[in-house]
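# Fold and geometry: a report
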Amino acid sequence: MNVAVTMFSGGRGAAGIARGMLGTPGVALSLVVNGYDNGLSTGALRRYLPGMLGPSDFRKNLLLHLDPADQARAALATVLEHRLPGGTTPAGLAAVIEAIATRRGPFAVLPETAREAVTADLRVFARRLAAYPHGLDLADCALGNLVFAGAYLRLGRDFNAAVDACARAFGSPVRLLNVTNGENAYLAALRQDGTLLADEAEIVAPQGPGVITDLFLLREPVGARRRAELEALPPAWTREVLGRERAEVTPNPRALEAIRDADLIVYGPGTPHSSLLPSYLTPGVADAVAHSRAAAKVFVVNTRGDHDIRGLSAPDLVDRTLAYLGDPRNGRRLVTHVLSHRTPGPDVPAVPHGVLDRGEWAGARWVTADLEHRPGVHHAERTAEALLAIRDEAALARAR
């Protein structure tokens, strides 16, 4: 079996499915990810390097193949996930870089090629920090994000080139692709009650009742002063103003190619309003899905709830996906199947019995299977098997 799978993904929500695909012989996996994360240390890094997208979801996807039982791969994971403690100074960062360069401590078995690449990019970032020491608190920064930042600076502030460089350095078997050409942009959202969620961090944070109704990709972040101005307006006016401030982004041609050339397209689970729906706003993505050779285009329902989808059922999430792809009635067959866990728990997007009885929603076939590994986590192998079975069945039906 040789199957090209392209999955829209975030940081961790679809990690189990991705690992299941990587463990299946003959599957070539591409992940299409956006870089709009700006929470905590990632947001601090983006503010320190204006123009750079958030690297955190890309960093997390470099962990997919790193088995903690393998010492060398565990050392790679340590580099990616190591958090700098509070009070870390530029000199403290330099000491960590020296430990990597000389293979000391947890970095002792780091593969040579990776060690050289990681050291080089961290030193690029350290030189920037030495020249501009103010404006970044290193506390809780993921070391892997600083590797990305160093690669970004080294490669002429080309974010997509930095993604490629880091994927090579960490030996990723995944084709990891930013959905855009790297234009900087920021998320904001409005809830049904008119509450403004001013950035990605607020979108995914605990929040009050009321579903998110509008998602915006903006040219500039919403600062405190701008927020006060927007919150003083009626919600309809705020919606209109934010609509005029949308960022102009262009699609990554390689992401469009991966979508068009896929045998199976997967709309992965995760936090929809930060990790997934923004990707579908990218010009050209919907057309690439429509013209893809994929026999099946499958929406995978979350096995747990998230703060940003409170009040939304599983069919609602399918509808949101279609709406953001610009095909609310699914006339272009951008979603052919929906896959959900057979027995969802109480804190999971609900699947109405009528949908299950019909086995259909919005023209897409609704499939259930035993997908859960533990509460909130997809079983890697079973979910991959279910997705590939849907693809095989659809391909067979098309060939008849």
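In the block above lies the structure referred to throughout.
Residues numbered from 1 in each chain as written. Predicted model: local features only at pLDDT ≥ 70, side-chain atom pairs only at ≥ 80, totals over all residues. Heavy atoms only, no water.

### As for helix α8 (residues 159-169)
- Of all eleven residues that make up α8, eight are buried, and the element is covered over most of its length.
- Taken as a whole, α8 has its buried residues at F159, N160, A162, V163, A165, C166, A167 and A169.
- Among the structural elements, α3 (56-61), α6 (112-131), α7 (143-154) and β3 (175-178) are those in contact with the buried residues of α8.
- Between a side-chain oxygen at the N-terminus of α8 and the backbone nitrogen of N160 the separation is 3.2 Å; the capping residue is D158. (Buried < 20%, exposed > 50% of the residue type's maximum accessible area, 1.4 Å probe, protein only. Helix = DSSP H or I, 4+ residues; strand = E, 2+ residues; numbered from the N terminus. Contact = heavy atoms within 4.5 Å. Polar contact = N/O pair within 3.5 Å; in protein donor to acceptor, adjacent residues only side chain to side chain.)

### Thoughts on α6
- The terminal C-alpha atoms of α6 lie 29 Å apart, and with 20 residues this matches the ideal 28 Å at 1.5 Å per residue to within 8%.
- Within α6, burial applies to A114, R115, V118, T119, D121, L122, V124, F125 and L129.
- Taken together, the buried residues of α6 touch α2 (40-48), α4 (71-81), α5 (90-101), α7 and α8. (Expected span 1.5 Å × (residues − 1).)

### Topic: empty space enclosed by the protein
- Per the counting criterion, the structure on display carries three cavities of 30 Å³ or more.
- Computed from the structure, the largest cavity encloses a volume of approximately 90 Å³.
- The wall of the largest cavity is formed by 13 residues, among which P272, L276, F299, L317 and T321 lie closest to the centre.
- For the lining of the largest cavity, the elements supplying multiple residues, two or more each, are α13 (272-280), β8 (296-300) and α15 (314-324).
- When residues of the lining of the largest cavity are assigned to their parent elements, the largest contribution, four residues, is made by α13.
- Grouping the constituent residues of the lining of the largest cavity by class yields eight nonpolar, four polar and one charged.
- Of the pockets and cavities examined, the second largest cavity occupies roughly 50 Å³.
- In terms of lining residues, the second largest cavity is bounded by R191, Q207, G208, G210, V211, I212, H307, D308, I309, R310 and L312.
- When its residues are assigned to classes, the lining of the second largest cavity shows four nonpolar, four polar and three charged. (1 Å grid on protein atoms, 1.4 Å probe; cavity = no way out; pocket = protein on both sides within 12 Å on 5 of 7 lines; lining within 4 Å. Points joined across faces, edges and corners; volume = space filled by probe spheres on them. Nonpolar A, V, L, I, M, F, W, Y, C, P; charged D, E, K, R; others polar.)

### So, the layout of surface pockets
- In this structure, the largest pocket encloses a volume near 1000 Å³.
- If you go around the largest pocket, you meet 46 residues; those closest to its centre are G11, R12, G13, K60 and R304.
- For the lining of the largest pocket, the secondary structure elements donating two or more residues are α1 (15-22), α2, α3, α9 (200-204), α13, β12 (372-374), β13 (377-378) and α17 (380-399).
- For the lining of the largest pocket, the per-class residue count stands at eleven nonpolar, 21 polar and 14 charged.

### Overview of the sheet that holds strand β9 (residues 337-341)
- On the basis of which strands lie adjacent, the open sheet formed by eight strands has the order β3-β2-β1-β7-β8-β9-β11-β10 and mixed pairing. One side of each edge strand has no neighbouring strand; the edge strands of this open sheet are β3 and β10 (360-361).
- The pairing of β10 with strand β11 (residues 364-369) spans two bridges and is classified as antiparallel. Following the sheet pairing, E360 is matched in β11 by R365.
- The strands touched by α1 are β1 (3-8), β2 (27-33), β7 (264-267) and β8; relative to β2, the strand with the most contacts, the crossing angle is about 155°. (Pairing = 2+ DSSP bridges. Axes fitted to C-alpha atoms, helices over the stretch in contact; angles between N-to-C directions.)

### Section: the sheet that holds strand β6 (residues 212-218)
- Strand order in the open sheet made by the three strands is β5-β4-β6, with antiparallel pairing throughout. At either end of the open sheet lies a strand with only one pairing partner, and these are β5 (196-197) and β6.
- By the bridge criterion, six bridges tie strand β4 (residues 186-191) to β6 in an arrangement that is antiparallel. Looking across to β6, one finds that A188 is bridged to F216.
- The sheet contacts of helix α11 (residues 235-244) involve β4, β5 and β6, and relative to β6 the element is tilted by about 30°.

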